Amino acid sequence: MHRRLTIAIDGPMGAGKGTVARLLANRLGYVYVDTGAMYRAIAWKALQRQVDLDDEASVGRLAAATEIRIDPTPQGLRVFCDGEEVTAAIRAFDVNAAVGRVASHPAVRATLTGRAREMGQSGGIVMDGRDIGTVVLPDADVKIYLDATLDERARRRCAELAAKGERVPFETVCGIVADDDDRAMMRTTAPLRQAPGAIRIDSTGRSPEQVADEIESILRKDPHVSHR
Ligand code: DC
C-alpha cells in the first residue's frame, strides 16, 4: 500500500530548506508549507504597525488576529497577510532582522504551531521550519535536518537580497544570520534542534537539486513511499 508521506525539514536560516522543500514537493506532487513565511508575515505586520517586537502580549495578540494565507503557484508560494500580498515584503532586510524576536515569543509560537499542524494533517506534504520534526509534526514519516556553514548561508541570503536590489554588506548579513541561529537555538520554547530520528544533510557546496536527490533516495528506501 502506497501512502502520501509527511516530510519535515528543519535547519537554520539559509541552509536551503525552502528551495529544497519546494523542489521536492514539486517532484513528488506534494504540497509545500513554508512555516518561516508565517513567522515572517507576523514580523512584517508588527513592523508596519510599529508594535514593540519584544512585547510578547502585543505580538501574540497580533498573531492571533492575523489571517495568513499561503497559495502554491508554479512560480512558488504566494503569501498573503490579511488579504494583502506580502510575498516579496517578508523577504526584506528589516524582516530578516526582526523575525527571530517575534518567533521567540511562546504566544506567537502557540498560534502558528496550531495552524501549521492543521496544514500537516493530510499527508502528501513537505513542511519546513525550525521545529517541524520536534514540535509541529513529531510523527512525520521522514525528518531531515538541513545545515550548511555560516559563511555559505550568509552568502545565499546576501545573494537573495541582492537579487531584489537590496545591497547589504556580507558582514551585516553574516551577523544577522548568526544572531538568528542564536535566537533559534537558545530560546526556551521549541528551540532549533535535530529531531530524534532526523537525518542530517549538509548542503554546503551542493545544489538544491543534489540535496533533493539525496532526500528522494532516502524516501525510495521506504517501501510505503508514493511518488504521486
Ligand atoms: O526559515 P526562515 O528563514 O524563513 O524563518 C524565518 C524566521 O522564523 C526565523 O527567525 C526562524 C523562525 N521560524 C521559527 O522559529 N519556527 C519555524 N517553524 C519557522 C521559522
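The rules we used
Residues numbered from 1 in each chain as written. Predicted model: local features only at pLDDT ≥ 70, side-chain atom pairs only at ≥ 80, totals over all residues. Heavy atoms only, no water. Helix = DSSP H or I, 4+ residues; strand = E, 2+ residues; numbered from the N terminus. Rg over C-alpha atoms; globule rule 2.2 N^0.38 Å. Buried < 20%, exposed > 50% of the residue type's maximum accessible area, 1.4 Å probe, protein only. Contact = heavy atoms within 4.5 Å. Near = heavy atom within 4 Å. Polar contact = N/O pair within 3.5 Å; in protein donor to acceptor, adjacent residues only side chain to side chain. Areas by Shrake-Rupley, 256 points an atom, 1.4 Å probe, with all protein chains shown as cover. Nonpolar A, V, L, I, M, F, W, Y, C, P; charged D, E, K, R; others polar. Pairing = 2+ DSSP bridges. Axes fitted to C-alpha atoms, helices over the stretch in contact; angles between N-to-C directions. Left-handed = near helix turned anticlockwise from the far one by under 90°. Salt bridge = Lys/Arg side-chain N within 4 Å of Asp/Glu carboxyl O. Core = buried A, V, L, I, M, F, W, Y, C linked by side-chain atoms within 4.5 Å. Expected span 1.5 Å × (residues − 1). Arc of directions from axis to C-beta. Parallel < 35°, antiparallel > 145°, perpendicular 65-115°, else oblique.

### Brief notes about the overall build of the protein chain
Of regular secondary structure, the protein chain possesses 9 helices and 8 strands. Since a compact globule built from 228 residues should have a radius of gyration of about 17 Å, the 17 Å found for the protein chain is in line with a globular shape. Seen through its principal axes, the protein chain has C-alpha atoms that stretch 50 × 35 × 35 Å. Counting across all 228 residues of the protein chain, residues that qualify as buried make up 50%. For the protein chain, the proportion of contacts with a sequence separation of at least 24, taken over those separated by at least 6, is 74%.

### A short note on the site of the ligand
Around the ligand, a shell composed of 18 residues is seen, among which Arg40, Arg109, Arg130, Asp131 and Asp180 lie nearest. Thr35 is positioned with one of its side-chain polar atoms (N or O) 3.0 Å from a nitrogen atom of the ligand. At 2.8 Å, a side-chain N or O of Arg130 approaches an oxygen atom of the ligand. Protein burial of the ligand: of its 450 Å² of free accessible surface, 97% is covered by the chains. For the shell around the ligand, the secondary structure elements donating two or more residues are α2 (35-48) and α4 (93-103). Tallying contributions element by element places α2 first for the shell around the ligand, with 4 residues. Taken together, the residues of the shell around the ligand sort by class into 5 nonpolar, 4 polar and 9 charged.

### Digging into the sheet that holds strand β2 (residues 31-34)
Here we have 5 strands laid out as an open sheet, ordered β2-β6-β1-β7-β8, and parallel in their pairing. Edge strands, defined here as strands with exactly one partner in the open sheet, are β2 and β8 (199-202). Direction aside, the axes of adjacent strands within the sheet are offset by 20° on average. Where β2 meets strand β6 (residues 125-129), 4 bridges bridge the pair, whose relative direction is parallel.

### What about the packing of α2 against helix α5 (residues 106-119)?
Interhelical geometry of α2 versus α5 gives an angle of 145° and a closest axis separation of 11 Å. In this structure, α2 crosses over α5, and the sense of that crossing is right-handed. On α5, the residues touching Thr35, Met38, Tyr39 and Ile42 of α2 are Val108, Arg109, Leu112, Thr113, Arg115, Ala116 and Met119.

### Things to note about the pattern of salt bridges
Enumeration over the complete set of coordinates arrives at 17 salt bridges. A salt bridge links Glu214 to Arg206, with the nearest nitrogen and oxygen atoms 2.7 Å apart. Residues participating in the shared-partner salt-bridge network are Asp151, Glu152, Arg155 and Arg156.

### Quick word on the nonpolar core
Core analysis: the biggest nonpolar cluster contains 63 residues, and Ile7, Ile9, Ile42, Ile68, Val126 and Ile215 have the highest contact counts within it. With 8 residues, α2 is the largest single contributor of residues to this core. One finds Tyr145, Ala184, Ala195 and Ala198 within the second-largest nonpolar core, a separate group that totals 5 residues.

### Things to note about helix α1 (residues 17-28)
For α1, which comprises 12 residues, the first-to-last C-alpha distance of 16 Å matches the rise-based estimate of 16 Å (1.5 Å per residue) to within 8%. Every buried residue of α1 is listed here: Lys17, Val20, Ala21, Leu24, Ala25 and Leu28. Summarising the axial view, the buried residues of α1 lie within an arc of 130°, below the 170-degree limit, and thus occupy one face. Taken together, the buried residues of α1 touch β1 (6-10), β2, β6, β7 (142-147) and α9 (208-220).

### A look at the sheet that holds strand β5 (residues 84-85)
Spatially, the 3 strands line up as an open sheet ordered β3-β4-β5, and their pairing is antiparallel. Since the sheet does not close on itself, it has two edges, and those belong to β3 (68-73) and β5, each with one partner. Alignment of β3 against strand β4 (residues 76-81), held across 6 bridges, turns out to be antiparallel. Its bridge partner being in β4, Pro72 is matched across the sheet by Leu77.

### A short note on the packing of α2 against α4
Closest axis-to-axis distance for the α2/α4 pair is 8 Å, and the angle between their directions is 105°. Classed by the angle they form, the pair α2 and α4 counts as roughly perpendicular. Of the residues in α4, those in contact with Tyr39, Arg40, Ile42, Ala43, Trp44 and Leu47 of α2 are Asp94, Val95, Asn96, Ala98, Val99, Val102 and Ala103. Grouping the constituent residues of the contact of α2 with α4 by class yields 10 nonpolar, 1 polar and 2 charged.

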